[in-house]
Each structure stands twice: as C-alpha cells, then as structure tokens.
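Residues per chain are reported as follows:
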Amino acid sequence: ISLNIIRSLASENNISALLKIFNRNTDNPETQHEAGSVLVRLGDTAMNRLLDILQAKTDSDERVRIMKLFMGIGSRAIPAVRERLMKAAPWYYLRNMAYILGHVGNETSAEALKPLLTNENQQLRNEALKSIYKTGGSKRGAILLEVLPQADDQFKIDIIEALGNSKSVEAVPELIKMLEERNAVEASLRDDLEEKICVALG
C-alpha cells in the first residue's frame, strides 16, 4: 500500500513542482531542502531527475546541495548512483558519484568503483580509491590488487598504501614479489615504493 502511494505521488506534475521549488533562488533554504528531501524519496524517476540536474550544474555549492540529499537517504541511493557510474560522463560528475558512494555504499557497491581506478583523471582515481577504502570492507584487497598492475607508477604507491592501511592479507604475496623484482616502477620512484611496501607489510 505504501509503495503504491509513493508511486502515485511520484507523478510528473508533482516532481516538476518540487523541482521548481528546489531550483528556485529563495531566501528560504529550508523550503528548498524540504523539497529536495521529498524528491529523493519519490523513487527512481525523481532521483534520476536530480542526478541529471547535478550533472548540468556548474556551481559547486549547488552540486554539494544535491549530493547531500543523496547521502542523507543512505543505501537507497546506491542503485541510482551505481547505474550512473556505468555510463560515460565528465570526470567531475563521476567523481561526485564516487563521493556519494563512498558515504552510502557497501562491499557490493564498491565493485562499481573499480573502473574509475584506471581513469586518466587523477582526481577521479583518488576519489574512487578513497571510496573503495571506506566501503569495500573484505573486498578491498581483491579490488585493488586487480587494478594494481594497470596503475601508473605514482598511483601504484597510493594503492599500496591503501592495501597496507586496510590490512589486506591477500596483498602480501604480491607486495613481496614487487620488493624482490624491484622493477615495478621507474627508478626515481623505487625508494618511495619500497618504503610504502615495507610499511604496508608492517
């Protein structure tokens, strides 16, 4: 019964009316927030409209306002955000998605962040790494180890640090192998890499 009520409330007219309030420049930010809070609770159609607006927004304060709405509803935001990660989009928008998932995600959703670890944009890679570390739980090690060989030299060092901080037991053989072979990165970064590996291994 509740689901049917929500579906009936999520009409195009109601969503449009709420979006109008949410997007309106007003001296009453509380009203805007209330409109946004209702929107994200009206299901996929409303959430996707908000995610479209997030992608189009150029003002950082406006983007943060929308992201906070999604973080406020917790795990219910995961399917919509994860679906967006599977589509081509500007790096800054994908970084927003990774940031939201880092706050509402779980071990299962962390897998959706893996492709971002090989993106050419450094800021996006770093955000994905942070979010995987926060939400990946027991799957962190496997996700990061799979990407490690493909990462550029500097990012390899960041991944190794994350593996160490997460106490990833499955990473130990690979890290020892990298220490022994000494050719995982260019010579100028070798000392940094070996230091991070030693710290990761304790």
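Further up the page is the structure itself.
Everything numeric in this text was worked out from a predicted model, so none of it was measured.

Secondary structure assignment for the protein yields 13 helices and 0 strands. Along its sequence from the N terminus, the protein presents helices and strands in the succession α-α-α-α-α-α-α-α-α-α-α-α-α. Each principal axis of the C-alpha atoms in the protein carries an extent, and together these give about 65 × 35 × 25 Å. In the protein, which comprises 202 residues, the proportion classed as buried is 42%. A total accessible area of about 11100 Å² is found for the protein, and carbon and sulfur atoms account for 49% of it. Each charge class in the protein can be summarised by its mean position, and for the 26 positive and 28 negative side chains these summaries are 7 Å apart.

Ranked by internal contacts, the top residues of the largest apolar core, which has 60 residues, are F70, L117 and I159. Looking at this core element by element, the count peaks at 7 residues for helix α7 (residues 91–104). The contact partners of L117, leaving out residues within four places of it in the chain, are R125, A128, L129, I132, I143, L144, V147 and F155.

With respect to the helices, strands and loops of the structure, S109 is situated in helix α8 (residues 107–110). At a separation of 2.8 Å, a polar atom in the side chain of S109 contacts the main-chain amide nitrogen of N106. Aside from chain neighbours lying at most four places away, what touches S109 is I78, R82 and L101.

Turning to the packing of helix α9 (residues 122–135) against helix α11 (residues 153–165), a few remarks are in order. The contact between α9 and α11 brings their axes to 11 Å, and the two run at 10 degrees. In terms of orientation, α9 and α11 fall into the roughly parallel class. Judged by residue contacts, R125, N126, L129 and Y133 of α9 engage F155, D158, I159, A162 and N165 from α11. Tallied by class, the residues present in the contact of α9 with α11 amount to 5 nonpolar, 2 polar and 2 charged.

Moving on: α9. The terminal C-alpha atoms of α9 lie 20 Å apart, and with 14 residues this matches the ideal 20 Å at 1.5 Å per residue to within 8%. All of the buried residues along α9 are L124, R125, E127, A128, L129, S131, I132 and T135. If you follow the buried residues of α9, they end up packed against α7, α8, α10 (140–147) and α11. For α9, the N-terminal capping position is held by N121, with its side-chain oxygen 3.0 Å away from the main-chain nitrogen of Q123. Just downstream of α9, G137 is the residue with a positive phi angle, here 50 degrees.

Let us now look at the pattern of salt bridges. Scanning the model with the defined rule gives 10 salt bridges in all. Linking E127 and K130 is a salt bridge whose minimum nitrogen-to-oxygen distance equals 3.9 Å. Residue E127 and its partner K130 are both found in helix α9; the two are separated by 3 residues, about one turn of the helix. We classify E127 as buried; its relative accessible area is 12%. Accessibility expressed as a relative area gives 47% for K130, which makes it partly exposed. Salt bridges sharing partners connect three or more residues here, namely K57, E62 and R65.

Glancing now at the packing of aromatic side chains. Counted by the stated rule, this structure contains 1 aromatic pair. A ring pair is formed by W91 and Y92, whose centres lie 6.1 Å apart and whose planes are at 80 degrees; its orientation type is edge-to-face. By relative accessible area, Y92 is classed as partly exposed at 34%. Cation over ring: R125 sits above F155, and NZ or CZ is 5.2 Å from the ring centre. Taking the ring centre of Y133 as reference, the NZ or CZ of R140 above it sits at 4.9 Å.

Analysis parameters
Residues numbered from 1 in each chain as written. Predicted model: local features only at pLDDT ≥ 70, side-chain atom pairs only at ≥ 80, totals over all residues. Heavy atoms only, no water. Helix = DSSP H or I, 4+ residues; strand = E, 2+ residues; numbered from the N terminus. Buried < 20%, exposed > 50% of the residue type's maximum accessible area, 1.4 Å probe, protein only. Areas by Shrake-Rupley, 256 points an atom, 1.4 Å probe, with all protein chains shown as cover. Lys, Arg positive; Asp, Glu negative; His and termini not counted. Charge placed at Lys NZ, Arg CZ, Asp CG, Glu CD. Core = buried A, V, L, I, M, F, W, Y, C linked by side-chain atoms within 4.5 Å. Contact = heavy atoms within 4.5 Å. Polar contact = N/O pair within 3.5 Å; in protein donor to acceptor, adjacent residues only side chain to side chain. Axes fitted to C-alpha atoms, helices over the stretch in contact; angles between N-to-C directions. Parallel < 35°, antiparallel > 145°, perpendicular 65-115°, else oblique. Nonpolar A, V, L, I, M, F, W, Y, C, P; charged D, E, K, R; others polar. Expected span 1.5 Å × (residues − 1). Salt bridge = Lys/Arg side-chain N within 4 Å of Asp/Glu carboxyl O. Phe/Tyr/Trp six-rings, centres within 6.5 Å; stacked < 30°, edge-to-face > 60°. Lys NZ or Arg CZ within 6 Å of the ring centre and 35° of its normal.

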